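One-letter residues, chain by chain:
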Amino acid sequence: MKSLAVISMLAAFPMAAQGPFAATYDSARHITLKGAVTRIDWVNPHAFLFLDVREGNGPMTNWAVEFGNPLELERNGWSRTSLHIGDVVTVEGIPAVGGHKVAFAKSVVLTAGNRKIFTPPAKPRAVTNAREPAPRWPDGQIRLGPAPGKKGYWASTTSALVEAGGAPIPMDADGLLAHISDAARVAPFQPWAKALYEYRQRTRLKDDPLARCIPPGGPRQFQIANGFQFVEQRDLGRILVLLGGGDRNWRVIYTDGRKQGEPDEVVRSYYGNSVGRWDGDTLVVDSIGFNEHFWFAKGGLPHTEGLHLVERFTRSDLNTLKYEVTVDDPRTYTRPWKGGWTMEWVPDRELQEYFCEENAESTFIR
Amino acid sequence: MRRRAWPLIVACMWLSIIVPAMAQQGHPLTGTWIGDWGSASGQRTAITLVMNWDGKNVTGLINPGPDSIPLGSVSVDYGSWTVRIDADTKDAAGKPVHISAEGKLEDLGSYHRTLKGTWQQGAAKGDFRLTRD
């Protein structure tokens, strides 16, 4: 009997996509592809396999199938040699928008043999059953990273930034609203900003700069797949925020006592000019000087160069980091507003190499 | 041929999103716009329009430089992204000339978004097309 060897229910879809999943794949549709493997691209951030598929009695066509992040796949037993050129597989998946011969795999079944070659990748989960205290420096100040001799990083648990205090707003993992009529509840938009936000929502976030590997400034840096890490360089008076996804960039938060610059004097940048200070166990970071080349949160929230953020990071225990942000951009919003969420500690792991440009080089440009 | 087609198609898809990589994502009118106006079959006049959103109004200039014309008012219907521009200048004889233009903003998410519509300068009427530079 032929069939059925491999089933891989892949990790959460947005984890697999650099940009908004909805902008790339049509979740309302399903596709079954059966064919021989012609190529395997085992690259970060998204592994692809290519299949020759005969559609009905028509000609053979070559499909590209995205099937997960290699790092996560390897942790779950899959390797670059799990499939071979010429293997015949059946893919159940979601087709790309626009009729392109591209799909996102929900399962891959090897039709010859009966060999299970990998199991569903599992997202790294935080250890939440033990409320260990947050690690501290010798002077008693909270550490934002691991305790000495330990490893770990932070993972975001949220899909969107919305104004705190309201009823939950249904939306998907990319911040795509279930009901566009909820837009006004997301933030106190000026009319132009609400119209632009709704446009981005209606067009399913297709213009998201992060999908083009543009750096994710503002709260967006804490919403990307693969987490982030703080590196506290106390002797240099600064904290680095290392990003595990996006364009593998970093942000500098100065903690050397300097004052924030004047908005008109700061060179505009993706991460702005950030000055931090400790308020008890909370790191308070004031940032200005943002450019307008990115979306500062999932879902397409607009901003201008007038954006001013005040972020508060409170590590209440080993596994929990509360993130609160006050958004003040009077050119975009009618008043300052607050939002936030909680980050989870991913213990005993380190950020892995991840370049969103890699697929451009290896998969898309040949 | 079949196998060569896929990389080519995806390369085109990729390049189409790489090219506008530095798009301005703030107020859609902010920036420098370049194009022309005139009658469809007649002479076209080049125009450069610089606009900026200050939080309350869109301000700016037509043809920045020694002969620039400050924008009198810019209003936007955000439901349809229809833009109306009014400005006042003088002709070569020093006679006041009013400029009014009304156009529709298209492809909001693109760096090279466009603004197209009708342009009236004094008694002359025509159409205009501007592309964000």
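Reading the values: rules and limits
Residues numbered from 1 in each chain as written. Chains lettered and ligands numbered in written order. Predicted model: local features only at pLDDT ≥ 70, side-chain atom pairs only at ≥ 80, totals over all residues. Heavy atoms only, no water. Helix = DSSP H or I, 4+ residues; strand = E, 2+ residues; numbered from the N terminus. Buried < 20%, exposed > 50% of the residue type's maximum accessible area, 1.4 Å probe, protein only. Contact = heavy atoms within 4.5 Å. Areas by Shrake-Rupley, 256 points an atom, 1.4 Å probe, with all protein chains shown as cover. Domains from an automatic or database assignment. Salt bridge = Lys/Arg side-chain N within 4 Å of Asp/Glu carboxyl O. Polar contact = N/O pair within 3.5 Å; in protein donor to acceptor, adjacent residues only side chain to side chain. pLDDT = per-residue confidence, 0-100. Phe/Tyr/Trp six-rings, centres within 6.5 Å; stacked < 30°, edge-to-face > 60°. Lys NZ or Arg CZ within 6 Å of the ring centre and 35° of its normal.

Colleague: So what exactly am I meant to see when it comes to the overall build of chain A here?
Modeller: When helices and strands are counted, chain A shows six helices and 14 strands. The buried share of chain A, taken over its 366 residues, is 55%. If you take every contact in chain A between residues at least 6 apart in sequence, the share linking residues at least 24 apart comes to 62%. Carbon together with sulfur atoms contributes 51% to the accessible area of chain A, which is approximately 15400 Å² in total.

Colleague: Can you help me understand the domain arrangement of chain A in this one?
Modeller: One widely used convention gives an interface's size as the accessible area the parts lose upon coming together. All names here are of chain A. The domains assigned to chain A are domain 1 (13-123) and domain 2 (152-347). Here the C-alpha centroids of domain 1 and domain 2 sit 32 Å apart. On the side of domain 2, twelve residues touch domain 1, which itself brings nine residues to the contact. At the boundary of domain 1 and domain 2, one finds zero salt bridges. Our count for the domain 1 to domain 2 interface comes out at zero residue pairs in polar contact (both at pLDDT 80 or more).

Colleague: What is the right way to look at the confidence of the model for chain B in this model?
Modeller: Interpreting fine coordinate detail is not advised for predicted regions of low pLDDT. Residue and element names in this part refer to chain B. Taken as a whole, chain B shows an average pLDDT of 87; of its residues, 83% reach a score of 70 or greater. Counting interchain partners and residues more than four positions distant, the pLDDT-below-50 stretch residues 6-21 has 19 contacts. The ipTM for the predicted assembly is 0.83, set against a pTM of 0.81.

Colleague: What is the right way to read the packing of aromatic side chains from this model?
Modeller: Residue and element names in this part refer to chain A. Tallied over the entire structure, the rule returns 20 aromatic pairs over all chains. Positioned over the ring face of Phe50 is Arg39, at 3.8 Å from the centre of the ring. Its end group placed over the ring of Tyr254, Arg258 keeps NZ or CZ at 3.7 Å from the ring centre.

Colleague: Sorry, what's going on with the pattern of salt bridges here?
Modeller: When the charged atoms of two side chains with opposite charge come close together, those side chains can pair. Residue and element names in this part refer to chain A. Within the structure shown, the criterion is met by 22 salt bridges over all chains. The closest approach of N and O atoms between Arg212 and Asp207, which form a salt bridge, is 3.7 Å. For the pair Arg212 and Asp207, one class covers both residues: buried. Arg312 is paired through a salt bridge with Asp279; the nearest N and O atoms lie 3.6 Å apart. A residue pair is termed long-range when its members are at least 10 positions apart, and Arg312 in strand S12 (residues 308-317) and Asp279 in strand S10 (residues 273-279) qualify at 33 residues. The structure contains a network of salt bridges with shared partners spanning Asp279, Arg312, Lys322 and Glu324.

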